[in-house]
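# Tertiary structure, described
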Amino acid sequence: MRITCPHCGERDRREFYYRGAAVDLERPAPDAGEEAWDNFVYLRDNPAGVTRDLWYHEGGCGAWIVVTRDTVTHEVLKTELASEAKS
Amino acid sequence: MDKLIAKTACAGLLPLTVGSVSVSEEDVGAITSVSPLKGQKKALSDALKAAHGMAYPAANRATGKSGARAVWLGHSHAMLIGPEPDASLEKHAAVVDQSDAWAVVRLEGDRAEQVLARLVPVDLRSGHFKRGHTVRSLLFHMTASITRVGENAFQIMVFRSMAETLVHDLKRAMEGVATRG
Ligand SMILES: [Zn+2]
């Protein structure tokens, strides 16, 4: 598996640390209520298809990257810097 | 107080030559982490040019020359290597002295590329990776900064605490390349 870092280019998967679903970009407001926070902290989709993850280019430039990929085909569809990604 | 004697990161470990490749410790002077403040990259680059003669490096690039280099080190991060940082930089960047935090070595020889090919999961051959190019990647299990500084020469930086591991891994790869004849 290879991931294209927006800074470094295409790199081996071993350079990256996997964080999980890219929900950190959609953190609820402090007063959003129990349901929104319960959903944010505990509930995750498990799609057969397109999903968005956060990966950290740990063995590289240190950027957080939003990776859009397909869990069925293993295709990486898009990568972007988390600092520039819109949720 | 007793007089303290400064030891370099690779004291007692280098220099080392195996076959046609050698590795030696570089005394590069000051090493300063420079991170541009938000929206200040251009102004920082101008300040770097005025004070030290090199622009802020683009991703995967190094600017300047031996003795006064700026090496891209990652997301919003470069390292000024050589001169003491001019005070004017602090207006545009977070500036942190890291001189004693890194081990810096020079890997040189006509088969240096082959040594790195055993350790680094990035193509560093000269057709692709030219003088002034740099990468952040892994050197075996360590994070490293690798810059081509000559036709057959690379500058390698790792955290100082990894100096002995760096020399061990380089030596093993150098022996492997030499054994292949
Ligand atoms: Zn990267």
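Everything numeric here is computed off the predicted structure, so don't read it as measured data.

## Quick word on the interface of chain A and chain B
Accessible area lost on assembly of the parts is the figure often given for the size of an interface. Contact residues are listed per partner, giving 14 residues for chain A and 13 residues for chain B. The tally of links between chain A and chain B comes to zero salt bridges. Run the count over chain A and chain B and you get five residue pairs in polar contact (both at pLDDT 80 or more). A breakdown of the residues in the side of chain A that touches chain B according to their chemical character gives four nonpolar, five polar and five charged.

## Some remarks on the domain arrangement of chain B
Residue and element names in this part refer to chain B. Domain assignment breaks chain B into domain 1 (16-27 + 101-178) and domain 2 (30-97). Distance between the C-alpha centres of domain 1 and domain 2: 23 Å. In this complex, domain 1 contributes eleven residues to the contact, which on the side of domain 2 involves eleven residues. Of the roughly 960 Å² buried where domain 1 meets domain 2, counting both sides, 64% is carbon and sulfur surface. Contact with domain 2 buries area across many residues of domain 1, yet Trp102, Thr134 and Arg136 alone supply 43% of it, more than any other trio. On the surface where domain 1 and domain 2 come into contact, there are three residue pairs in polar contact (both at pLDDT 80 or more). Residue assignment for the side of domain 1 that touches domain 2 shows that the elements contributing at least two residues are strand E8 (102-108), strand E9 (134-139), strand E10 (142-150) and strand E11 (153-159). Per-element tally for the side of domain 1 that touches domain 2: the top contributor is E10, with three residues. Residues belonging to the side of domain 1 that touches domain 2 are distributed by class as follows: four nonpolar, six polar and one charged.

## Side note on the pairing of strand E1 (residues 2-5) of chain A
Residue and element names in this part refer to chain A. The side-chain alternation of E1 yields one buried face, formed by Ile3 and Cys5, and one unburied face, formed by Arg2 and Thr4. Sheet topology places E1 next to strand E2 (residues 9-12); four bridges connect them, and they run antiparallel. Bridging across to E2, Thr4 finds its partner in Glu10. Hairpin remark: E1 followed by E2, antiparallel, with three residues in the connecting loop.

## Examining a nonpolar patch on the surface
Residues Val41, Tyr42 and Leu43 of chain A make up a contiguous nonpolar surface patch of about 340 Å² in total accessible area. By relative accessible area, which is 42% here, Val41 of chain A ends up partly exposed.

The rules we used
- Per chain, the residues get numbers from 1 upward, laid out in the order the sequence is written.
- The naming scheme follows written order: chains are lettered A onward, ligands numbered 1 onward.
- Local features in this predicted model are restricted to residues of pLDDT 70 or higher, and side-chain atom pairs are both shown and tallied only at a pLDDT of 80 or more, whereas totals for entire chains, interfaces and linings draw on every residue.
- Side-chain metrics in this entry use all non-hydrogen atoms of the structure; hydrogen atoms and water are not considered.
- When checking whether two residues touch, look at their non-hydrogen atoms; a contact exists if any pair is within 4.5 Å.
- Put simply, a salt bridge is a Lys or Arg side-chain nitrogen that is within 4 Å of an Asp or Glu carboxyl oxygen.
- Here a polar contact means two N or O atoms within 3.5 Å. Within protein one must be a hydrogen donor candidate and the other an acceptor candidate, and residues neighboring in sequence count only if both atoms are side-chain atoms.
- Gly counts as polar in this scheme, as do all residues outside two lists: the nonpolar Ala, Val, Leu, Ile, Met, Phe, Trp, Tyr, Cys and Pro, and the charged Asp, Glu, Lys and Arg.
- For the purposes of this description, domain bounds are those given by an automatic or database domain assignment.
- Buried area is a sum: the accessible area each of two parts loses on coming together, probed at 1.4 Å, counted once for each and added.
- Helix and strand assignments follow DSSP, with helices taken as H or I runs no shorter than four residues and strands as E runs no shorter than two, numbered in order from the N terminus.
- Relative accessible area decides the class of each residue, using a 1.4 Å probe on protein chains only: under 20% of the type maximum gives buried, over 50% gives exposed, and in between gives partly exposed.
- Strands pair, by our definition, only if DSSP identifies at least two bridges between them.
- Residues qualify for a patch when their relative accessible area is over 30% and they have no salt bridge, like charges being joined within 9 Å and the nonpolar side chains of Val, Leu, Ile, Met, Phe, Trp and Tyr within 5 Å.
- Throughout, the Shrake-Rupley method with a 1.4 Å probe supplies accessible areas, and for residues the shown protein chains are the sole cover considered.

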